Amino acid sequence: MTKTDLHMHTNYSDGFHSPEKLIEKANSRDIKILSLTDHDNVNGFDEAVNHAKKFEIEVIPGVEISTDIRDTEVHILGYFIDPKNEDLEHYLHFFRDERYKRAVRMVKKLNILGLDIKIEDVMQFARNSAVGRPHIAQALLAKGQVKSFFEAFYKYIGNHAPAYERKVHLSPQSAFKIINDAGGLSFIAHPGNMPEILIKELIDAGVDGIEVIHPSHSPEQVRYYRGIVNEYFLLECGGSDFHGGKREDDENLGKFFTSSKVVETMKTRLVGNVD
């Protein structure tokens, strides 16, 4: 089986490694097909493709977009998108701007709680990437405001923690359209324990597939989601959701993967969509 990892993040969003370093790490784990699925960002694609040629690794253009249904956050993965699509870049630029505004609001909340941190401290870690909570956690750790990366989340910036701020989301249907208009396919990311009624709602809304393989999924869940894929004639994807760095998820790279067959099935579906 050709190891295929369709869920990876670089330092263009909340990952630790550059696209080049990520390619090298993937190669060391015998991964020969992969997709960069940075949050609201496709800027690492060209860099990854150019470096991947040295290792004969195929890089599929991807992205991860946050949406919500009522009060439930749902992440949508997009594959085979055109990274140069102007409408796609317009939307992603808007989301990155909103991420920065959210980070500013969270920093203000942290200041009210008595923590010594500025948005400039956060941006030293985010740099030109889409800023997110991991960057805030890194800044808090570097400033000595917390003892660990994970403490920053459970004590201050995790869901429902005192400095948490919701992201500006769009509907899944809007994400599906953005991805489809850019020539791609949309997938429900890491559904976890998402109720089947919610999955059915996303299927009815036009999602193309479901992420079946993910570190958070038990063997029973993998069988369950694959059953839904087969029942509704959907596509499947899978990967390590690798970030690196303080996430301490290095062991997931090369351990959670899917096969090249799922990529071939995606390509067949895309050809059918064109026809």
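For the structure itself, consult the block above.
## Some words on the overall build of the protein
At step 1: A count of helices and strands for the protein gives ten helices and seven strands.
At step 2: Taking 2.2 N^0.38 as the reference for a compact globule, 275 residues should give roughly 19 Å; the C-alpha atoms of the protein span a radius of gyration of 18 Å, in line with that estimate.
At step 3: C-alpha extents for the protein along the principal axes are approximately 55 × 45 × 40 Å.
At step 4: When burial is assessed residue by residue, the protein has 56% of its 275 residues classed as buried.
At step 5: A fraction of 70% describes how many contacts in the protein between residues 6 or more apart in sequence connect residues 24 or more apart.
At step 6: Here the protein has roughly 12800 Å² of accessible surface; of this, 49% comes from carbon and sulfur atoms.
At step 7: In the protein, 34 side chains carry a positive charge and 42 a negative one; their mean positions are 5 Å apart.

## A look at the pattern of salt bridges
At step 1: Scanning the entire structure with this criterion turns up 20 salt bridges.
At step 2: With a shortest N-O distance of 3.0 Å, Glu201 and Arg70 are connected by a salt bridge. With a gap of 131 residues between them, Glu201 in helix 8 (residues 196–205) and Arg70 in the loop between strand 3 (58–69) and strand 4 (72–79) connect regions that are remote in the sequence.
At step 3: For Glu201, a relative accessible area of 32% translates into the label partly exposed.
At step 4: For Arg70, a relative accessible area of 59% corresponds to the exposed category.
At step 5: Counted as one network, the salt bridges with shared partners bring together Lys25, Arg29 and Asp250.

## Quick look at the packing of helix 8 against helix 9 (residues 219–231)
Think of two packed helices as two axes; the pair is described by the angle between the axes and how far apart they sit.
At step 1: Running from N to C, helix 8 and helix 9 cross one another at 35°; their axes reach a closest spacing of 12 Å. For the pair helix 8 and helix 9, the sense of crossing is right-handed. Every residue of helix 9 that contacts helix 8 at Glu196, Ile199 and Ile203 is listed here: Tyr224, Tyr225 and Ile228.
At step 2: Here the residues of the contact of helix 8 with helix 9 are counted per class, giving five nonpolar, no polar and one charged.

## Remarks on the environment of Val168
At step 1: Here Val168 is to be found in the loop between helix 6 (149–157) and helix 7 (172–181).
At step 2: Residue Val168 is classed as partly exposed on the basis of its relative accessible area of 38%.
At step 3: When the C-alpha positions of Val168 and Asp87 are compared, they lie 18 Å apart, and in sequence the two are 81 residues distant.
At step 4: Apart from the residues lying within four places of it in its own chain, the contact partners of Val168 are Phe94 and Glu98.

## Brief notes about helix 2 (residues 45–52)
At step 1: Among all positions in helix 2, only Phe45, Ala48, His51 and Ala52 are buried. Looking down the long axis of helix 2, one finds its buried residues gathered within 140° of arc, a one-sided arrangement.
At step 2: Its buried side turned inward, helix 2 meets helix 1 (19–28), strand 2 (31–36) and strand 3.

## Examining the packing of aromatic side chains
At step 1: Applying the stated criterion to the full structure yields five aromatic pairs.
At step 2: Aromatic pair Tyr79 and Phe187: ring centres 5.2 Å apart, planes at 75°, arrangement edge-to-face. With Tyr79 in strand 4 and Phe187 in strand 5 (residues 185–188), this pair connects stretches of sequence that are 108 residues apart. With respect to burial, Tyr79 and Phe187 carry one shared label: buried.
At step 3: Members of the aromatic cluster, connected to one another through ring pairs, are Phe149, Phe150 and Phe153.

Procedures and definitions
- Residues numbered from 1 in each chain as written.
- Predicted model: local features only at pLDDT ≥ 70, side-chain atom pairs only at ≥ 80, totals over all residues.
- Heavy atoms only, no water.
- Helix = DSSP H or I, 4+ residues; strand = E, 2+ residues; numbered from the N terminus.
- Rg over C-alpha atoms; globule rule 2.2 N^0.38 Å.
- Buried < 20%, exposed > 50% of the residue type's maximum accessible area, 1.4 Å probe, protein only.
- Contact = heavy atoms within 4.5 Å.
- Areas by Shrake-Rupley, 256 points an atom, 1.4 Å probe, with all protein chains shown as cover.
- Lys, Arg positive; Asp, Glu negative; His and termini not counted.
- Charge placed at Lys NZ, Arg CZ, Asp CG, Glu CD.
- Salt bridge = Lys/Arg side-chain N within 4 Å of Asp/Glu carboxyl O.
- Axes fitted to C-alpha atoms, helices over the stretch in contact; angles between N-to-C directions.
- Left-handed = near helix turned anticlockwise from the far one by under 90°.
- Nonpolar A, V, L, I, M, F, W, Y, C, P; charged D, E, K, R; others polar.
- Arc of directions from axis to C-beta.
- Phe/Tyr/Trp six-rings, centres within 6.5 Å; stacked < 30°, edge-to-face > 60°.

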